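Each chain, letter by letter, is given below.
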Amino acid sequence: MSRTPPPAEAVAEDYSQQSRTFRLELARSLPQGFIETAFSTFAIFIAIRVFDLPPWMKGAIIASGSAGLILSLFIVQFIRRHGLSVNRVASILWCVSAGGFIIAAFSKAHAGTFFTGTCLAYLTLASASPLMSQIYRKHYSDTKRGHLFSLSALARACSAALVGWLGGLWIEQQGFPPLFFAYAGGCILMAICVHLMAPVHLRSSNRIQWFDAFSHVTENAAFRKLLVVWMLLGLGNLIGWSLFVEFIGNPRYGYGFEADRVGLITSTIPMLASIVCVVPWGVIFDRVPFYRVRATVNLFFAAGILIYYLVGGMAGLCIGIALHGVARAGGNIIWSLWTTRFAPADRVGEYQSVHSFLTGVRGVLAPLIAFTAANYLGPTWIAWASAILILAATLMTFPELYAEQQARTRSTSMAK
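Residues numbered from 1 in each chain as written. Predicted model: local features only at pLDDT ≥ 70, side-chain atom pairs only at ≥ 80, totals over all residues. Heavy atoms only, no water.

Undergrad: Mind showing me how you'd approach the overall build of the protein chain here?
TA: When its secondary structure is counted, the protein chain shows 17 helices and zero strands. Residues counted as buried form 58% of the 416 residues belonging to the protein chain. Summing over all exposed atoms, the protein chain offers an accessible surface of approximately 16500 Å²; the carbon and sulfur share of this is 67%. (Helix = DSSP H or I, 4+ residues; strand = E, 2+ residues; numbered from the N terminus. Buried < 20%, exposed > 50% of the residue type's maximum accessible area, 1.4 Å probe, protein only. Areas by Shrake-Rupley, 256 points an atom, 1.4 Å probe, with all protein chains shown as cover.)

Undergrad: Quick question: what am I supposed to make of the nonpolar core here?
TA: As a rule of thumb, soluble globular proteins bury nonpolar side chains together. Counting 116 residues, the largest nonpolar core has Ile61, Trp94, Phe101, Leu131, Phe180, Tyr183 and Tyr308 as its most contacted members. With 13 residues, the top contributor of residues to this core is helix H1 (residues 18-49). Among residues more than four places away in sequence, those in contact with isoleucine 61 are Ala43, Ile44, Ala47, Leu53, Phe114, Phe115, Thr118, Cys119 and Tyr122. Counting residues in each nonpolar core, the second largest holds seven residues, with Leu227, Tyr351, Val354 and Phe357 among its members. (Core = buried A, V, L, I, M, F, W, Y, C linked by side-chain atoms within 4.5 Å. Contact = heavy atoms within 4.5 Å.)

Undergrad: Looking at this structure, I do not really get the pattern of salt bridges. What am I missing?
TA: Taken as a whole, this structure holds three salt bridges when the rule is applied. Between glutamate 246 and lysine 58 there is a salt bridge, and its shortest N-O distance comes to 3.1 Å. In this pair, glutamate 246 sits in helix H10 (residues 244-249) while lysine 58 sits in helix H2 (residues 55-82), placing the two residues 188 residues apart along the sequence. Both residues of the pair, glutamate 246 and lysine 58, belong to the buried class. (Salt bridge = Lys/Arg side-chain N within 4 Å of Asp/Glu carboxyl O.)

Undergrad: Whenever I open this one, the environment of aspartate 52 confuses me. Can you help?
TA: Topologically, aspartate 52 is positioned in the loop between H1 and H2. For the pair aspartate 52 and asparagine 250, spaced 198 residues apart in the sequence, the C-alpha separation amounts to 9.8 Å.

Undergrad: When you look at the environment of valine 96 in this model, what are you seeing that I'm missing?
TA: Position of valine 96 relative to the elements: it lies in helix H3 (residues 86-105). Sequence separation between valine 96 and tyrosine 122 is 26 residues, and the spatial gap between their C-alpha atoms is 10.0 Å. Ignoring anything within four residues of it in the chain, the contact list for valine 96 reads Leu120 and Thr124.

Undergrad: Mind showing me how you'd approach the packing of helix H11 (residues 259-287) against helix H12 (residues 290-310) here?
TA: It is at 13 Å that the axes of H11 and H12 come closest, and there the two elements cross at 165°. Looking at the two axes, H11 sits roughly antiparallel to H12. Remark: the crossing between H11 and H12 carries right-handed chirality. The segment H11 lies against H12, with Ile265, Thr266, Trp281, Ile284 and Phe285 engaging Phe290, Val293, Thr296, Val297, Phe300 and Tyr308. Partitioning the contact of H11 with H12 into residue classes produces nine nonpolar, two polar and no charged. (Axes fitted to C-alpha atoms, helices over the stretch in contact; angles between N-to-C directions. Parallel < 35°, antiparallel > 145°, perpendicular 65-115°, else oblique. Left-handed = near helix turned anticlockwise from the far one by under 90°. Nonpolar A, V, L, I, M, F, W, Y, C, P; charged D, E, K, R; others polar.)

Undergrad: Looking at this model, I keep getting lost on the confidence of the model for the protein chain. Mind explaining?
TA: The predicted coordinates of low-pLDDT regions are not to be read in fine detail. Model confidence for the protein chain is summarised by a mean pLDDT of 80, while 86% of its residues fall at 70 or above. Looking at the elements of the protein chain, mean pLDDT is at its lowest for helix H14 (residues 339-342), recorded as 68, and at its highest for H3, recorded as 91. Considering only residues more than four positions removed or in separate chains, one finds that residues 1-11, a stretch of pLDDT under 50, has 17 contacts. (pLDDT = per-residue confidence, 0-100.)

Undergrad: How should H2 be read in this particular structure?
TA: For an α-helix, the turn length of 3.6 residues means that residues three or four places apart are oriented alike. Helix length check: H2 (28 residues) gives 40 Å between terminal C-alpha atoms against 40 Å at 1.5 Å per residue, within 8%. Within two residues after H2, glycine 83 carries a phi angle of roughly 70°, on the positive side. (Expected span 1.5 Å × (residues − 1).)

Undergrad: Just to check I follow, could you spell out the packing of aromatic side chains for this structure?
TA: Think of a pair of aromatic rings as described by two things: how far the centres are apart, and how the planes are tilted against each other in angle. Evaluated as defined, the whole model comprises 19 aromatic pairs. Pairing phenylalanine 106 with phenylalanine 181 gives two aromatic rings, centres 5.1 Å apart and planes at 80°, and the pair type is edge-to-face. With a gap of 75 residues between them, phenylalanine 106 in the loop between H3 and helix H4 (111-127) and phenylalanine 181 in helix H7 (residues 177-196) connect regions that are remote in the sequence. Overall, the relative accessible area of 56% leaves phenylalanine 106 in the exposed class. (Phe/Tyr/Trp six-rings, centres within 6.5 Å; stacked < 30°, edge-to-face > 60°.)

Take a look at the structure:
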């Protein structure tokens, strides 16, 4: 039986829902920030200090989120084929994430159970990412999208900063299972919030090819080049980011900090930096040419990684991770919203699914490369490799930066 495609208004903008969507997104951001500490800090810390997992398993835990981004490409096509709302599918995925956290919480002394549950939770959490971009595109106006997203990101950063500090104390006093049960509850709250938003549908089609979204890569030259740039940038950033907890939590590298200090450095400090910078980044995204914003964020990423690994001491760690937090605030906004600048209104989810798929590919590779290379080369080489890749990606955008500057100059001349 053939399905009737959704009406035109189902894929067009509906800014009348902007206020309601923002309130629910603000509420969703609090548990999301709480949950983010699982994978920025505590899942890897537990893998190191409780279970002493081998490097490939630690890399696989980080890579499982990226595998979820790969899966998102096929989830978007599945939604189009069956006419489901993105809200409903995101809710289901986050409920599965809750199940993964519950499995990990029950693992006790069983490393394999912890590994399985954590990977399942991270896989399904990440796979819903491009679906949220379609909601932002439909319900947020072009002039306010970056600003509204930055406000919810601010709430997320505040939540993560608080939990990054308290979570370490919690683990030391209560062990990790209660914290992971709380993560499961956070996933359920996220699912409820997105389910209450006005439903958003994608373009419907009865004839779906799983890699159909990649047709946009050949049709849109700017999109194609940005994907290449983002591959270099993402590899560099993720290789450096993957070892943040390992570097200070594993005694092998000279620090061996406990959970409270690891949480403070890898979650609380970067999130405090994000709190200060995320709203300004949102305003900048709305008002400043895209490539200039991208290049500026890249420089903060490179500087943060180099200082974190190379300077040494608490001062170097704190300054480096804070600069990375500044970059992360801007990078999250760009990552989530950049396709709204390059994609037609009803195809943002497809464009974002391609971007997420390739993010997943490099995200699977980067932590495995990082943990393997660290065993042989050490973190200094990892830092330099990360920075070189980020700077190479920035240099590739110089033609676009020059074109933006020329356009700005012409606009100023005409105004006079």
